[in-house]
Amino acid sequence: MQATAAISGETTMRDLLEISPGAQRSLFRRYHIGGCASCGFRPEETLAEVCARNENLPVPEVIDYLLASQEEDRLIQISPTELAQALRTSAARVIDVRTREEFEAARIEGAILLNQDLMQEILARWDRTALIVFIDHKGARSMDAAAYFAGHGFTQARGLLGGIDAWSEEIDPSIPRYHLE
């Protein structure tokens with residue numbers, strides 16, 4: 001992953017999402033950019049171009065906001081090493097937000113696949129102070145899930161940094177790595 005200092009007006013949106021996977025969520029939350037077809041962007045557009053066609057947003061202000069959002073995202077992330085330790089020492093729960101096919105192909109032991117029924121159960125019955133770690137393939141969608149549950153009062157909702165791909169690389173190489181096309 002590139003350093004946050006690499007974000008500039010000339011950064012393409014593709015590169016921005018590589019640097020900061022939560023950038024699209026942040027841009028949508030503050031500026032209504034990138035969350036739907038009417039406010040979308042192309043991967044090859046630069047941040048400056050996107051800002052220009054969205055009410056001439058000041059690029060430095062948007063960059064400052066993205067950097068602050070990146071710091072907020074770090075607060076709800078957990079590293080593979082931290083999760084491995086938590087699974088050994090606490091009743092941490094792992095919720096997988098990938099597709100059923102991805103889940104069946106590669107999963108962390110004890111993980112539960114998120115579906116609508118489980119989501120309702122979590123919201124209605126689970127301890128809002130317990131550690132709940134959401135995982136996906138590379139760590140972007142899990143942050144959306146963690147942010148959603150944090151917004152509903154779950155104080156220890158976390159997203160796995162780097163997703164199951166990082167888990168396989170750092171903790172359990174027996175879990176197959178894969179690439180989505």
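Residues numbered from 1 in each chain as written. Predicted model: local features only at pLDDT ≥ 70, side-chain atom pairs only at ≥ 80, totals over all residues. Heavy atoms only, no water.

Chemist: Could you clarify how one ought to interpret the overall build of the chain in this entry?
Modeler: Tallying secondary structure elements over the chain gives nine helices and five strands in all. Secondary structure elements of the chain occur, N-terminal to C-terminal, as α-α-α-α-β-α-β-α-β-α-β-α-β-α. Computed over the C-alpha atoms, the radius of gyration of the chain is 17 Å, within 12% of the 16 Å expected from 2.2 N^0.38 for a compact globule of 181 residues. Principal-axis analysis of the C-alpha atoms gives the chain an extent of 50 × 35 × 25 Å. By the burial criterion, 45% of the 181 residues in the chain qualify as buried. Within the chain, residue pairs in contact and separated by at least 24 positions form 64% of the contacts whose partners lie at least 6 positions apart. Of the charged side chains in the chain, 18 are positive and 28 negative; the average position of the first set lies 4 Å away from that of the second. (Helix = DSSP H or I, 4+ residues; strand = E, 2+ residues; numbered from the N terminus. Rg over C-alpha atoms; globule rule 2.2 N^0.38 Å. Buried < 20%, exposed > 50% of the residue type's maximum accessible area, 1.4 Å probe, protein only. Contact = heavy atoms within 4.5 Å. Lys, Arg positive; Asp, Glu negative; His and termini not counted. Charge placed at Lys NZ, Arg CZ, Asp CG, Glu CD.)

Chemist: When you look at the nonpolar core in this model, what are you seeing that I'm missing?
Modeler: Nonpolar side chains in soluble globular proteins tend to be buried together. Counting residues in hydrophobic clusters, the biggest one holds 19 residues, and the most contacted among them are Leu 83, Ile 108, Val 133, Leu 160 and Trp 167. Among the secondary structure elements, those contributing two or more residues to this core are α5 (80-89), β4 (132-135) and α9 (163-170). The greatest single-element share of this core, amounting to three residues, is contributed by α5. The contact partners of Leu 160, leaving out residues within four places of it in the chain, are Ile 78, Ser 79, Pro 80, Leu 83, Ile 108, Val 133, Phe 134, Ile 135, Gly 139, Ser 142 and Trp 167. Within the second largest apolar cluster, 18 residues are counted, among which are Cys 51, Val 59, Ile 63 and Tyr 65. (Core = buried A, V, L, I, M, F, W, Y, C linked by side-chain atoms within 4.5 Å.)

Chemist: Explanation requested: the state of the cysteines in the structure shown.
Modeler: Working definition of a disulfide: a covalent bond connecting the sulfur atoms of two cysteines. With the rule as written, the count across this model stands at zero disulfides. Left without a disulfide partner, Cys 51 is nearest to the cysteine sulfur of Cys 39, which lies 13 Å away. (Disulfide = S-S within 2.5 Å.)

Chemist: Even after reading the chapter, I still don't get the environment of His 179, so can you show me in this structure?
Modeler: Along the chain, His 179 falls in the segment after α9. Along the chain, His 179 and Lys 138 lie 41 residues apart, while their C-alpha atoms are 9.8 Å from each other.

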